[in-house]
Amino acid sequence: MTTVFEDLMTGLDEVDAFLAGKTSGYKVTLPAEVDVKSIRKRLKMTQSRFSNTFGFSLDAVKHWEGGRRTPEASARAFLMVIARNPSAVISALHPDIQPKTSHRRASKSRA
């Protein structure tokens, strides 16, 4: 088991190697499959709303959920971000919309 200091030093060594041109970057490991339906259900969205909110075609969402297609690597990466932090994605894609949770908290504090 490594210590926090050893982990930090390893990270700094990797940064130094990258900046010196010894390495070209890092490879992201994505899951082979993403459960799109469970992500959508957890967000309490219909297929139509999910596709509109995040910029997917409705057909793609239907095919992914039906198991007829697998999302490409870039879509899987995006889906992972949506699964982990949907509000950040929504605020980035729709800056004119305020999250509903903030609005509810504000109205509750006024009461």
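Our structure is the block above this text.
Residues numbered from 1 in each chain as written. Predicted model: local features only at pLDDT ≥ 70, side-chain atom pairs only at ≥ 80, totals over all residues. Heavy atoms only, no water.

Participant: Can you help me understand the packing of helix H5 (residues 73-84) against helix H6 (residues 86-93) in this one?
Facilitator: The axes of two packed helices give the description: the angle between them and the distance between them. Here H5 crosses H6 at 110 degrees, and the two axes come no closer than 5 Å. Taken together, H5 and H6 sit at an angle that is classed as roughly perpendicular. Between H5 and H6, the contacting residues are Phe 78, Val 81, Ile 82, Ala 83 and Arg 84 on the first element and Pro 86, Val 89 and Leu 93 on the second. Looking at the contact of H5 with H6, its residues break down into seven nonpolar, no polar and one charged. (Axes fitted to C-alpha atoms, helices over the stretch in contact; angles between N-to-C directions. Helix = DSSP H or I, 4+ residues; strand = E, 2+ residues; numbered from the N terminus. Parallel < 35°, antiparallel > 145°, perpendicular 65-115°, else oblique. Contact = heavy atoms within 4.5 Å. Nonpolar A, V, L, I, M, F, W, Y, C, P; charged D, E, K, R; others polar.)

Participant: Explanation requested: the side chain of Ser 51 in the structure shown.
Facilitator: Position of Ser 51 among the secondary structure elements: in helix H3 (residues 47-54). Judged by its relative accessible area of 4%, Ser 51 is buried. Sequence-distant contacts of Ser 51, defined by excluding residues within four places in its chain, comprise Phe 56, Ser 57, Leu 58 and Val 61. (Buried < 20%, exposed > 50% of the residue type's maximum accessible area, 1.4 Å probe, protein only.)

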